[in-house]
Amino acid sequence: MLSRLRAPWPDSRAARLLGALSLLTCLCVIGMVAFVAVNAWPIFRYNGLSWLGPGGSIKTQIETMLASSGHPAASVFHLRAWPIIYGTLLVTVLAVAIALPLAVLCAVFIVELAPRRVRRVMVPVVRLLASVPSVIWGLIGVLVLVPYVGNHLITNSERDSLLGTVQLTGASLLVAVVVLALMIAPIMVALVCDALAAVPSSWREGAAALGVNRPRAIRAVNLRAIRPAIVAATVLATGRALGEAIMISMVSGSFFFAPRPGDGLTFFFEPLRTIASTLVDYREGISAPALNATLYALALLLLLSALVLSVGGYLIKQPLRRHQVIA
């Protein structure tokens, strides 16, 4: 009996088992999406797709839902979620735009330029940073960056310019973007480092034999070869940024306000709220039917965003596979 257990499985049996596990995973994902969509249906029923746009005060709309009875009228389901959708897009795009070049440059330094002893230290440090819980990043933002921005960067004239509209305390778009960029950058650095290390050494040697200097060889050969991996790292980091809730809730001000670029530099000091932070902040109101449907609708929006990211990343990688080293 023991010898039978130790005997290697035939390929067909292993293929069937892995296929069954893959199918089970797909069914779980489909079931989760279906469950969220069913619970979100009242929002689509009473608003169509117009709930994705602007209109009215979303704070008032959610408070009305929270105060509603067990059988709310159709008017209670009225929702215009654009301010938090805009806030999510704004924070995510700016954070990824900052983190991507920093991550690529750090990875190039670690793999291509750093001495071996430095590399042995930096690689585990980067992986450790990638695993730091988001609440730790949020504490750093609340205890260090928010007071600094509130006390040293925001002027009295900027506070007065928005008096009666929103209060500038330091918890802002700027702090949220900086902390989020620092949080997702180690994930990207770790993935890009692994991809750079997989580039065949013969490619580097060939470029050197042709007289290409090292910086140009890194740009033209190494980075060109790992473009699919850079896309994959960007998609993964963007998904992490879209779903970040605790840290954003701690450092963004958690205020239903859409930062206005027309306000100049004050734009970066204005508070906001994202989709994920809204889910966390209002989780206790899920017993109210209208608010329950709203939270599920926002969750569905995040799931669809993750799907769009995955499909978009896949399509972007296709033309780059001619020079692919690692996906």
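Report on the accompanying structure. (Residues numbered from 1 in each chain as written. Predicted model: local features only at pLDDT ≥ 70, side-chain atom pairs only at ≥ 80, totals over all residues. Heavy atoms only, no water.)

With respect to the overall build of the protein
Of regular secondary structure, the protein possesses 14 helices and 0 strands. By its C-alpha atoms, the protein is 70 × 65 × 40 Å across when sized along the principal axes. In the protein, which comprises 327 residues, the proportion classed as buried is 40%. Contacts spanning at least 24 positions in sequence make up 79% of the contacts within the protein whose residues lie at least 6 apart. (Helix = DSSP H or I, 4+ residues; strand = E, 2+ residues; numbered from the N terminus. Buried < 20%, exposed > 50% of the residue type's maximum accessible area, 1.4 Å probe, protein only. Contact = heavy atoms within 4.5 Å.)

Some words on the pattern of salt bridges
Scanning all chains against the criterion turns up 4 salt bridges. In this structure, R127 engages D194 in a salt bridge whose closest nitrogen and oxygen atoms are separated by 3.2 Å. Taken together, the residues R127 in helix α5 (residues 116-130) and D194 in helix α8 (residues 173-197) connect sequence positions 67 residues apart. The closest approach of N and O atoms between D263 and R260, which form a salt bridge, is 3.0 Å. (Salt bridge = Lys/Arg side-chain N within 4 Å of Asp/Glu carboxyl O.)

Things to note about the packing of aromatic side chains
For the structure shown, the criterion picks out 6 aromatic pairs. Arranged with centres 5.0 Å apart and planes meeting at 70°, the rings of F267 and F268 form a pair that is edge-to-face. Relative accessible area serves as the criterion here: at 8%, F267 is assigned to the buried category. Residue F268 is classed as partly exposed on the basis of its relative accessible area of 32%. We note R273 situated over the ring of F256; from NZ or CZ to the ring centre the distance is 4.2 Å. (Phe/Tyr/Trp six-rings, centres within 6.5 Å; stacked < 30°, edge-to-face > 60°. Lys NZ or Arg CZ within 6 Å of the ring centre and 35° of its normal.)

What to know about a nonpolar patch on the surface
Taken together, V135, I136, L139, I140, L143, V144 and I246 make up a surface patch of nonpolar side chains, about 580 Å² in accessible area. A per-element tally of the nonpolar patch places helix α6 (residues 134-153) first, with 6 residues. (Patch = residues over 30% accessible without salt bridge, like charges linked within 9 Å, V, L, I, M, F, W, Y side chains within 5 Å. Areas by Shrake-Rupley, 256 points an atom, 1.4 Å probe, with all protein chains shown as cover.)

Concerning the side chain of S68
Here S68 shows up in the loop between α3 (58-66) and α4 (82-113). In this structure the side chain of S68 is engaged in a polar contact, spanning 2.6 Å, whose partner is the backbone oxygen of M65. In this view, S68 contacts V76, A288 and A290; residues no more than four positions away in its chain are not counted. (Polar contact = N/O pair within 3.5 Å; in protein donor to acceptor, adjacent residues only side chain to side chain.)

Remarks on helix α11 (residues 227-243)
With 17 residues, α11 extends 25 Å between its outermost C-alpha atoms, agreeing within 8% with the 24 Å of an ideal straight helix rising 1.5 Å per residue. All of the buried residues along α11 are P228, A229, I230, V231, A233, T234, A237, T238, A241 and L242. In this structure, the buried residues of α11 make contact with α4, α8, α10 (214-225), α13 (275-281) and α14 (289-317). (Expected span 1.5 Å × (residues − 1).)

Concerning the nonpolar core
Counting residues in each nonpolar core, the largest one holds 56 residues, and the members touching the most others are L180, I184, L196, I226 and M247. Per-element tally for this core: the top contributor is α8, with 17 residues. Ignoring sequence-local partners within four residues, the contact set of I226 consists of V192, A195, L196 and V199. A40, I58, V76 and L295 belong to the second largest nonpolar core, which has 29 residues in total. (Core = buried A, V, L, I, M, F, W, Y, C linked by side-chain atoms within 4.5 Å.)

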